[in-house]
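Architecture and fold: a report
Here is how the chains run, residue by residue.
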Amino acid sequence: MSNPFFDLSGRVAVVTGASRGLGQYFGRALARAGADLIITSRTLDSLKPFQREIEALGRNAVPLELDVRDHASIQRMAGQAAKAYPKIDILVNNAGCNVRKPALEISWDEWNLVLDTNLRGTFFVAQAIARQMIPRGYGRIINIGSVTSVFGYAGLTPYTASRGGVKQMSMSLADDWGKHGITVNCLAPGWFRTEQNKVLYENQEWYEYICDRIPLRRPGAPNDLDGAVVFLASEESRYITGQTLLVDGGISTGATRATVAKK
Ligand SMILES: NC(=O)c1ccc[n+]([C@@H]2O[C@H](COP(=O)([O-])OP(=O)(O)OC[C@H]3O[C@@H](n4cnc5c(N)ncnc54)[C@H](OP(=O)(O)O)[C@@H]3O)[C@@H](O)[C@H]2O)c1
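Each value, and the rule that gives it
Residue indices follow the written sequence of each chain, beginning from 1 at its first position. With the structure being a predicted model, the display of local features is reserved for residues of pLDDT at least 70 and the display and counting of side-chain atom pairs for 80 or more, all residues being used for whole-chain, interface and lining totals. Excluding hydrogens and water, the side-chain figures rest on all heavy atoms present in the structure. A pair of strands is considered paired only if DSSP assigns at least 2 bridges between the two. By definition, any uninterrupted DSSP run of H or I lasting at least four residues is a helix, any uninterrupted run of E lasting at least two residues is a strand, and each is numbered from the N terminus. Note on handedness: a crossover is taken as right-handed if, strands pointing away from the viewer, the path from the first strand over the helix to the second is clockwise. In this scheme Phe, Tyr and Trp rings, the latter by its six-membered ring, pair at centre separations within 6.5 Å, and the angle between planes marks the pair as stacked below 30 degrees, edge-to-face above 60, and tilted otherwise. For every residue, the accessible area (1.4 Å probe, protein chains only) is compared with the maximum for its type, and the residue is labelled buried under 20%, exposed over 50%, or partly exposed between those bounds.

Before going further, it helps to examine the pairing of strand E3 (residues 61-65). Sheet topology places strand E2 (residues 36-41) next to E3; five bridges connect them, and they run parallel. Paired with Ser41 across the bridge in E3 is Glu65. Each parallel crossover has a hand, and the one from E2 via helix H2 (residues 48-56) to E3 is right-handed.

Quick look at the structure:
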């Protein structure tokens, strides 16, 4: 018997930043639950392998170019998405970047790069897609935050500022668009190995340190986010909005455990 819960058949999801990493984890999970996709990157060619993978699952994946730092590019993507499908049900606002440096070394341009991409870009993509959801009175917007949406990290100041902003912004958008049948939540992953942070994982000392701080004693695996993204995208999350769901092996609760235990 098929499970009536969490079925995304007939749904269409936009997943930004789907050329690699978490964007592909999210897209794969949604497609496996039955959704067709719009996948984006600044470079269309980089989406081809993932498009083929989704099509092999029996779902459609329309690749579109998007630079979230460029307002015209966001509007163009939203227009092309509207032509590709008669409706958009789900947005996974995932495109993002990071600059890892001590706070005293962050330049003006580096601050702008991270904030423009992660916060301004996330807002204007949500706005452009919400304009298509509002007339239909239905939408699931999932803004990708991070454990740094709820606590700080030395060396990640612009990033944590942007991720804290995504959490707060999700609450305001939830309040604004709830009357249109749109839920807006923030999905906040902990540590997952991707292109963005792979240098850290090559450092054995860091790896042991981070595992020690995670109550479940390991970084996230690719499919650890599947349940959360499908849940927030599905009908079953219909009465949940403005929330931040941490998928982090518990690091947000046990962040100081190792330090305290040593005392
Ligand atoms: N990995 C983790 O442990 C972790 C934890 C918490 C949160 N996150 C967040 O989750 C998201 C994905 O992370 P990831 O680790 O998968 O990163 P990643 O491997 O570096 O991938 C980032 C994605 O964002 C896209 N992107 C970057 N700048 C963009 C721009 N200006 N316009 C449009 N797309 C842009 C990239 O696409 P193109 O380069 O192809 O354009 C790429 O697909 C990010 O927002 C990240 O901050 C990651």
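Under the defined criterion, the tally for this structure stands at eight aromatic pairs. Their ring planes at 80° and their centres at 4.7 Å tell us that Phe123 and Phe124 sit as a pair that is edge-to-face. Overall, Phe124 belongs to the partly exposed group, its relative accessible area being 27%. Between Tyr201 and Trp206, the aromatic rings sit 5.1 Å apart at their centres with planes inclined by 70°, giving edge-to-face as the arrangement. You can call Tyr201 buried: its relative accessible area is 9%. Residue classification places Trp206 among the buried positions, given a relative accessible area of 14%. Counting every residue linked through ring pairs, the aromatic cluster contains Phe151, Tyr153, Trp191, Tyr201, Trp206 and Tyr207.

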